[in-house]
Amino acid sequence: MHIVQFILFAVPPLALAVNLPHSVGFPCDGSDLTHDNHAKACLREPYCPGREVDESLQQEIFTLFLETLYGEKNVSKAFETYVDPNIIEHDPEDAQDRDAIVARLSQIIPFANLTLLLSNFNNNTGLAYVKVNEDPEPAALADIYRMDGTCIVEHWDVIQYRPENSTNPVAMF
Ligand SMILES: *[C@@H]1O[C@H](CO)[C@@H](O)[C@H](O)[C@H]1NC(C)=O
Ligand SMILES: *[C@@H]1O[C@H](CO)[C@@H](O)[C@H](O)[C@H]1NC(C)=O
Ligand SMILES: *[C@@H]1O[C@H](CO)[C@@H](O)[C@H](O)[C@H]1NC(C)=O
Ligand SMILES: *[C@@H]1O[C@H](CO)[C@@H](O)[C@H](O)[C@H]1NC(C)=O
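Described in the following lines is the structure provided in the data block. (Residues numbered from 1 in each chain as written. Chains lettered and ligands numbered in written order. Predicted model: local features only at pLDDT ≥ 70, side-chain atom pairs only at ≥ 80, totals over all residues.)

**Regarding the nonpolar core**
Threshold: Joining buried Ala, Val, Leu, Ile, Met, Phe, Trp, Tyr and Cys residues through C-beta atoms within 7 Å gives a set, and that set is a nonpolar core. Residue burial is a threshold on neighbouring C-beta atoms within 10 Å of the residue's own C-beta, all placed from the backbone, with 20 or more meaning buried, 12 or fewer meaning exposed, and counts in between meaning partly exposed. Each helix is a run of DSSP H or I of at least 4 residues and each strand a run of E of at least 2, with the numbering of both proceeding from the N terminus. Note on contacts: each residue gets a C-beta atom placed from the backbone, and two residues are in contact if those atoms are within 7 Å.
Ranked by internal contacts, the top residues of the largest apolar core, which has 22 residues, are Phe62, Phe65, Tyr82 and Ile152. Counting residues per element, the ones that place at least two in this core are α4 (55-71), α5 (75-82), β1 (83-89), β3 (125-132), β4 (139-148) and β5 (151-160). For this core, the element with the most residues is α4, which contributes 6 residues. Apart from the residues within four sequence positions on either side, Ile152 is in contact with Phe65, Tyr82, Val83, Asp84, Ile87, Tyr145 and Met147.

Here it is as structure tokens:
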């Protein structure tokens, strides 16, 4: 086990986040981003407004956002931690207001059966492909997020339902 990983697992997360100075073995250079606590320890300041970091750390922050939104389903925590208050939102059912987005999604995501099928991050852009398990057929959701450094600043999404009498017999998933 790598020594930095060993330290990460050996030190209680709270002590890690609060007490250790920036210089104690946590280079923010993306060289050892194998554990969530690394991103948290490496970046103790808020993620927003965005600061320039290398891509692997952006990817790790994006992964934490997805885990909070779709895994933990804590919409307010996900948005307040990782998303700019002045997010540019392109979903026509949403508003240009982070609190309004949180209010709307809080009525949906905690009650939805969602499976995050894949995610990726490249060139300041994060992608999440989500299976929305609904009756009688699941729907496909794709989210695209733009990050400015450490902070998510823009969002697009598309959703597709299997139409009645669909021409393609192949399953959507
Ligand atoms: C969401 O996260 C916040 C901050 O961590 C916490 O106070 C709140 O209880 C969480 N809400 C739910 C529904 O888990
Ligand atoms: C969510 O959907 C999956 C796939 O259809 C299903 O296996 C699972 O039981 C569902 N979970 C809940 C809590 O309904
Ligand atoms: C990276 O994203 C920018 C827009 O943010 C775009 O103009 C550029 O073409 C992209 N580069 C690649 C290699 O995709
Ligand atoms: C699907 O096919 C059934 C049977 O032919 C037909 O009654 C129904 O109107 C069709 N639905 C749509 C949305 O085309």
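Next, the rest of the story.
**A few points about the sheet that holds β4**
Going by this rule: A pair of strands is considered paired only if DSSP assigns at least 2 bridges between the two. Axis definition: a line fit to C-alpha positions, over the contact stretch in the case of helices; interaxial angles, taken between N-to-C directions, run 0 to 180 degrees.
A sheet is described by the order of its strands in space; here 5 strands give the open sequence β1-β5-β4-β3-β2, paired in mixed fashion. This sheet does not close on itself; its edge strands, each paired only once, are β1 and β2 (114-122). Mean inter-strand twist for the sheet, computed between neighbouring axes without regard to direction, equals 25 degrees. For β3 and β4, the ladder comprises 8 bridges, and the chain directions are antiparallel. Bridge pairing in β4 links Val132 to Ala139. Sheet strands touched by α4: β2, β3, β4 and β5. Its angle to β2, the strand with the most contacts, is close to 165 degrees.

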